Amino acid sequence: MTLTRIAVLAAATVLSLGTLVACGTENTGNEGGAPPGSGTGSVRATPATVPPATDPGVEFMKMLIAVGRPCHPDLPTEPPEPPASPGEEPARTPGGPLPTDERPPGPPAPATPATPATRPASPVELDPAQRCEARQHVRRVTKELDALPDPTPARVRATLNKLGYTDGRIHGLERAGGATRFVLDLRLFDDPLCLSGSVQGGTTAITAFGVSADVDIEDVKRPG
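The text that follows walks through the structure, step by step, so that each part is easy to find. Just so it is clear, the model here is predicted, and its values are computed rather than measured.

**Topic: the pairing of strand 3 (residues 170-176)**
In the sheet, strand 3 pairs with strand 4 (residues 179-185) via five bridges, with the strands oriented antiparallel. The residue of strand 4 that forms the bridge with Ala 176 is Ala 179. Here strand 3 folds back onto strand 4, and the loop between the two strands holds two residues, one of which, Gly 177, carries a positive phi near 65°.

**A word on the pattern of salt bridges**
Applying the stated criterion across every chain, the model contains five salt bridges. Of the charged contacts, one joins Glu 59 and Lys 62 as a salt bridge, the two residues approaching to 3.6 Å between their closest N and O atoms. A residue pair is termed a helical-turn pair when its members lie 3 or 4 positions apart in one helix, as Glu 59 and Lys 62 do in helix 2 (residues 56-68) at three residues. On the basis of relative accessible area, Glu 59 is assigned to the partly exposed category, the value being 33%. The exposure class assigned to Lys 62 is partly exposed, which follows from its relative accessible area of 33%.

**Focus: the side chain of Ser 196**
Of note, Ser 196 is situated in strand 5 (residues 193-200). Owing to a relative accessible area of 6%, Ser 196 belongs among the buried residues under this scheme. Leaving out residues up to four positions away in the same chain, Ser 196 has contacts with Phe 182, Val 183, Ala 205, Ile 206, Thr 207, Phe 209, Arg 222 and Pro 223.

**Description of the pairing of strand 4**
Taking burial as the measure, the seven residues of strand 4 include six buried ones, the bulk of the element. Relative to strand 5, strand 4 runs antiparallel, the two being bridged by six bridges. Counterpart to Val 183 in the pairing with strand 5 is Ser 196.

**What about unusual backbone geometry?**
The backbone of Phe 189 shows a phi angle near 60°, a positive value even though the residue is not glycine. Owing to a relative accessible area of 49%, Phe 189 belongs among the partly exposed residues under this scheme.

**As for the state of the cysteines**
Under the definition given, this model contains one disulfide. What pairs with Cys 71 in a disulfide is Cys 132, and their sulfur atoms sit 2.0 Å apart. With the S-S dihedral at roughly -85°, the linkage between Cys 71 and Cys 132 falls on the left-handed side. In this pair, Cys 71 sits in the loop between helix 2 and helix 3 (128-146) while Cys 132 sits in helix 3, placing the two residues 61 residues apart along the sequence. Like Cys 132, Cys 71 is buried.

Thresholds applied
Residues numbered from 1 in each chain as written. Predicted model: local features only at pLDDT ≥ 70, side-chain atom pairs only at ≥ 80, totals over all residues. Heavy atoms only, no water. Pairing = 2+ DSSP bridges. Helix = DSSP H or I, 4+ residues; strand = E, 2+ residues; numbered from the N terminus. Salt bridge = Lys/Arg side-chain N within 4 Å of Asp/Glu carboxyl O. Buried < 20%, exposed > 50% of the residue type's maximum accessible area, 1.4 Å probe, protein only. Contact = heavy atoms within 4.5 Å. Disulfide = S-S within 2.5 Å.

By themselves these figures say nothing about function.
Okay, structure coming up:
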């Protein structure tokens, strides 16, 4: 997770939380003790109490920010600037106009034939910040899975869910040879971070690897 990416994550989380708006409800009041049906009651709007909604995607991003923050000590702690209100002119970017992708007239370039995907694809290399984040995830997952007396796939999934890893991020969960294997897809934006793990008899082994955003995680040759 690059510094830019974790900052974008923080901004996206704040904006997502800011979209929870309480709606008003209409109540028919009996002003002055007027009986129902007398026609003298007033209709007034009263604010509704809406319980805070929990969005799995937002909670997952908040978890990624919290786990990865030690790897980015220079990350600003101030909240991002709110978006411009309607009618307000957005901030201008200093400098000249953006370059255009103009090409001289002429015949179109010949199309490049598509290359069939290689299965399995090779993992991509993680940068130092991503390896640091991988260690943070490995520590917290290992601590919880090592404590499971019988790490069945169902119990492993429940433990990972409790840690903030949603079902859509858990792949290949199966029991083979007495060990429960799983893969965690932590990719977001340009970050390729994924984890491949197994747990058996109170011992958890997890390896970090990278998967390009345009590659299916099931098509990658995983370590271990």
